[in-house]
Structures are given as structure tokens and as C-alpha cells.
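What the coordinates show
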Number of protein chains: 2
Amino acid sequence: MCDQCNYENLLSNADLVATTNRIQVLEIVGNNTFPLSAGDIYAILERTSSINRVTVYRILDLLVEHGVVDRISTGGRAFYYGIAPNEHHKPHPHFYCRICGQMDCLSPESVTVDIAPLLKTYPGRIEKVEIRIDGICKNCAKVGKK
Amino acid sequence: MCDQCNYENLLSNADLVATTNRIQVLEIVGNNTFPLSAGDIYAILERTSSINRVTVYRILDLLVEHGVVDRISTGGRAFYYGIAPNEHHKPHPHFYCRICGQMDCLSPESVTVDIAPLLKTYPGRIEKVEIRIDGICKNCAKVGKK
DNA sequence: ATTGCATGTGCAACTTAATTGCACTTATGG
DNA sequence: CCATAAGTGCAATTAAGTTGCACATGCAAT
Ligand SMILES: [Mn+2]
Ligand SMILES: [Mn+2]
Ligand SMILES: [Zn+2]
Ligand SMILES: [Zn+2]
């Protein structure tokens, strides 16, 4: 297991004390193969822990602020969270199903982007490029809900 | 003024009765050079009209559903709305300032995207590709808020 | 003209996701 | 041990959007 996959290291590398709550939140985000909402994360945690809902929000904010976790917008009302891009985890687009709310990670190669022209001309500070595909996932398409 | 720039035509072409309220909402969205939130749109409208807040939300939903208006997600909590892509209005990315919440339309050429590989392999239905750049706009960068 | 119906709108109440204020707890250095 | 800061819990609040239901308006069939 590499340094980047050890959640305690990920936290301390980001100048964050590795508290039990933080580790647990980060484990859920990191072990999941697709991004989850704060509500999803809390629902999973509360089965085994007595962590407070607000603490989950605060930890997620903190992890986003320190670049450990990525806050991903959806076609819906809640944010989703996934491990932030790093050397072991290339930036990649996501697919959001407008029926079931499930978010998929797409391979970095599935969509190619070039923001060079923007970088040359944009007068503000660019911090993040988010690419999201919206539609209906395989499962929901099968069920035939249009 | 072309057909696509006449808002009453835009509505009837989308099989929507051109009521005063719908025209007014569409005018605000269409005449603006950058996307606005439902709250922004309502704030502008209520100065001169007695339209209800809920009606604004319902009209925006309807316009999105009929492909007249585009619902754009941000790095923040509210959706923004702009004229949907059409032959006079190419799809383009947006910039969202995390400080002031202002959203800019970027030129279609500023970012190039190729989703061909995804289209070949993705098993669900793809309805929309959204590209959003987050960061700090020129004005807010100047003020020096980090 | 009167009725019936569908569409459009207004208003109050509600929901969801997230945030805030403040108190309590835990960890750490002196 | 104490002082302080960091971390957490809980209740209340907010922001954005949604829902239910009543009223209004337009139009077609009688
Ligand atoms: Mn991902
Ligand atoms: Mn635009
Ligand atoms: Zn789905
Ligand atoms: Zn700004």
C-alpha cells in the first residue's frame, strides 16, 4: 500500500491531524469507486459510529480545503465527494444519472480536454476544471424510465 | 432580429404558450450576457412585475424541460440559467467565481473537448456535457481576497 | 351566453442540503 | 496540573427549491 493510499498519511501530508472521525470519513470516500454525497457518507458512518452529521460536513469542507478530497457538482442539488486528483489518481470526468442520482467515475481517456487557449487569455485565477456528463445510467435506461 | 432572438417565437417553437410571465423570464435570461440564478432572475423581475417566486421556478423548470433554457451547475449551491445552445448560440464552457458567485460565459473556442471515446463505450444515455472552470474572477483577484 | 375543462399563477407550508453559534470534550505544551 | 487550541456535538437557522391546493384565465363544446 503506497503512501497515497494510506489515509492517515494522506491526512498528515495535508497538515491535518488524523482523528478517528477524519480517517473514517476519508476511508469511506477513498474506498468507494464512485463519488458519494455528504448524506451518503453520513448514512454509512452512522451505522457503526456515533459521529454527528455536522461533523461530517465540517470534515468534508476541511478535506476539500486541504486538497485531499474533491467536491464535485452534479445535475442535482447535493455535492458529491471523491478523492482529489493526485499522482495516483488522474483527474477524470464524471457521469451523473438524473434518475437515480448515481455518479460514475469515467476514465481519464474517455474525454479529452484542452484548456490551453483559456489559460492564455483568462484574466482571473483558474483553480479547477470540472467535466460532467449528465444523462441516464445503464440501469435506469434498462428500467425504461424515460 | 432573427427567429431565435425573438423570445415569443422561441417559446412557441418550443410548444409553449407565450404568457407574459414566460416572456419576461426568458427575456431576462436571454438579454443577459452571463447566466443568472433563479434568485437573481426573481430579484430583477419583482422590481417591475408582481410575479411570484414559485412561478419563476416553475417557468425555469419548464423552459429547461423544453430545451429553451440551460440549467448550469456551479461550484456553489444554486443553479444558474442561460439560453440553451442552439444554432445561434454554440455550447460553451462557463467560469464560476467562488468568491462573488459571478458566472462568465467563455468562448466555445477557449476549451476544446472530444467525447468521442466516451460515446463509443458508455452504456447509458448521454444527454449533456457540462464544462465548468472554477476559480477567482478578475475583479475578486484584484481585491486580493485569496 | 353558459358550462366545463385545461392551463397558468399565487400563496402558504414544507423539504432538503448545508451552515452557524455555542457549549462541551479532548489533546498538547508548559 | 493548568491553559489553550483543536475537535466535536447539538439545536437552531438558512438558502434554495418543491409541493399542495385554491383561484384565475382562456377557450371550446353545448
Ligand atoms: Mn471520480
Ligand atoms: Mn453561457
Ligand atoms: Zn441511474
Ligand atoms: Zn468574483
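This text follows the structure it describes.
Everything numeric in this text was worked out from a predicted model, so none of it was measured.

Definitions and cut-offs
Per chain, residue numbering runs from 1 following the sequence as it is written. Going through the entries in the order they are written, you letter the chains from A and number the ligands from 1. For this predicted model, a pLDDT threshold of at least 70 governs which residues receive local features, and a threshold of 80 or more governs which side-chain atom pairs are given and counted, while totals over whole chains, interfaces and linings are taken from all residues. The basis for every side-chain value is the complete set of heavy atoms in the structure, and neither hydrogens nor water enter the calculation. Here a Phe, Tyr or Trp ring, Trp counted by its six-membered ring, pairs with any other such ring whose centre lies within 6.5 Å, and the pair is stacked when the planes are under 30 degrees apart, edge-to-face when over 60, and tilted otherwise. To qualify as a helix, a DSSP run of H or I must reach at least 4 residues; to qualify as a strand, a run of E must reach at least 2; elements of each kind are numbered from the N terminus. Three labels apply to residues, based on accessible area from a 1.4 Å probe with only protein chains included: buried if under 20% of the type maximum, exposed if over 50%, partly exposed otherwise in between. Distances decide who is a donor: an N, O or S atom must be within 2.8 Å of the metal, or within 3.2 Å for Na, K and Ca. Water is not included, so sites may look incomplete. Tetrahedral means four donors with every angle between 85 and 135 degrees, whereas square planar (four donors) and octahedral (six donors) require angles over 155 degrees between opposite donors and between 65 and 115 for all others; sites fitting neither are termed irregular. We superpose the copies by least squares over the C-alpha atoms of residues that have a pLDDT of at least 70 in both of them. What makes two residues a contact is simply this: any of their non-hydrogen atoms within 4.5 Å. Only heavy atoms are used to decide nearness, and a residue is near a molecule or strand if one of them lies within 4 Å of it. Pairs of N or O atoms are called polar contacts if they sit within 3.5 Å, as long as, within protein, a hydrogen donor faces a hydrogen acceptor (for residues adjacent in sequence, only side-chain-to-side-chain pairs). Put simply, Ala, Val, Leu, Ile, Met, Phe, Trp, Tyr, Cys and Pro go in the nonpolar bin, Asp, Glu, Lys and Arg in the charged bin, and everything else, Gly too, in the polar bin. Note: buried area is the sum, over both parts, of the accessible area (probe 1.4 Å) each one loses when the two are combined. Every case where a carboxyl oxygen of Asp or Glu lies within 4 Å of a side-chain nitrogen of Lys or Arg is listed as a salt bridge. Following DSSP output, two strands are said to pair if at least two bridges run between them.

Scanning the entire structure with this criterion turns up four aromatic pairs over all chains. Pairing Tyr122(A) with Phe95(B) gives two aromatic rings, centres 4.4 Å apart and planes at 35 degrees, and the pair type is tilted. Placement of Tyr122(A) in the loop between helix H5 (116–121) and strand E7 (125–136) and of Phe95(B) in strand E4 (residues 94–97) is noted, with the two residues assigned to different chains. Each member of the pair, Tyr122(A) together with Phe95(B), is buried.

The expected angle between donors at a tetrahedral four-coordinate metal is 109.5 degrees. At an octahedral six-coordinate metal it is 90 or 180 degrees. Residues and elements named next belong to chain A. Those protein atoms acting as donors to the zinc ion (ligand 3) are Cys97 (SG), Cys100 (SG), Cys137 (SG) and Cys140 (SG), and they sit at 2.2 to 2.4 Å. Classification of the site at the zinc ion (ligand 3) as tetrahedral follows from its four donor atoms and the range of 105 to 117 degrees in their angles at the metal. Read in sequence order, the donor residues for the zinc ion (ligand 3) give the motif C-x2-C-x36-C-x2-C. One end of the pair, Cys100, is in the loop between strand E4 (94–97) and strand E5 (103–105); the other, Cys137, is in the loop between E7 and helix H6 (138–143), and 37 residues separate them in sequence. Judged by its relative accessible area of 44%, Cys100 falls in the partly exposed class. Note on Cys137: relative accessible area 8%, which makes it buried.

The phi angle at Asp15(A) is positive, at roughly 60 degrees, despite the residue not being glycine. Position of Asp15(A) among the secondary structure elements: in the loop between helix H1 (7–13) and helix H2 (20–31).

On to the relation of the copies chain B and chain A, then. Placing chain B over chain A gives an RMSD of 0.1 Å and needs a rotation angle of 180 degrees, together with 0.0 Å of translation along the axis. Expressed as a symmetry operation, the mapping of one chain copy onto the other fits a two-fold axis. Both copies contact each other with a shared surface, as 100% of the interface residues of chain B are interface residues in chain A too.

Turning next to the protein's contact with DNA strand C. Around DNA strand C sit 21 residues, and of these Tyr57(A), Phe79(A), Arg22(B), Thr55(B) and Arg58(B) come closest. For DNA strand C, the fraction of atoms within 4 Å of the protein that belong to sugar or phosphate moieties is 63%. One nitrogen or oxygen atom from the side chain of Arg58(A) is found 3.3 Å from a base oxygen belonging to DNA strand C. Side-chain polar atom of Arg22(B) to a phosphate oxygen of DNA strand C: 2.8 Å apart, as the coordinates give it. If you list the elements that add at least two residues to the surface near DNA strand C, you get helix H4 (53–65) of chain A together with helix H2 (20–31) and helix H4 (53–65) of chain B. In terms of residue count, H4(A) provides more of the surface near DNA strand C than any other element does, five residues in total. Of the residues belonging to the surface near DNA strand C, the class tally is eight nonpolar, five polar and eight charged.

Moving on, we get to the interface of chain B and chain A. Taken residue by residue, the interface counts 37 residues in chain B and 37 residues in chain A. Summed over both partners, the interface of chain B with chain A buries about 2,900 Å², with 55% contributed by carbon and sulfur atoms. For chain B, the biggest contributors to the area lost against chain A are Leu118(B), Tyr122(B) and Arg125(B); these three give 17% of the whole. Scanning the region where chain B abuts chain A turns up four salt bridges. A salt bridge links Glu130(A) to Arg132(B); the shortest N-O distance between them is 3.3 Å. Applying the counting criterion to the chain B and chain A interface returns 19 residue pairs in polar contact (both at pLDDT 80 or more). Broken down by secondary-structure element, the contributors of at least two residues to the side of chain B that touches chain A are strand E6 (112–114), helix H5 (116–121) and strand E7 (125–136) of chain B. Ranked by the residues each element gives to the side of chain B that touches chain A, the list is headed by E7(B), at twelve residues. When its residues are assigned to classes, the side of chain B that touches chain A shows 16 nonpolar, eight polar and 13 charged. Where E7(A) meets E7(B), eleven bridges bridge the pair, whose relative direction is antiparallel.

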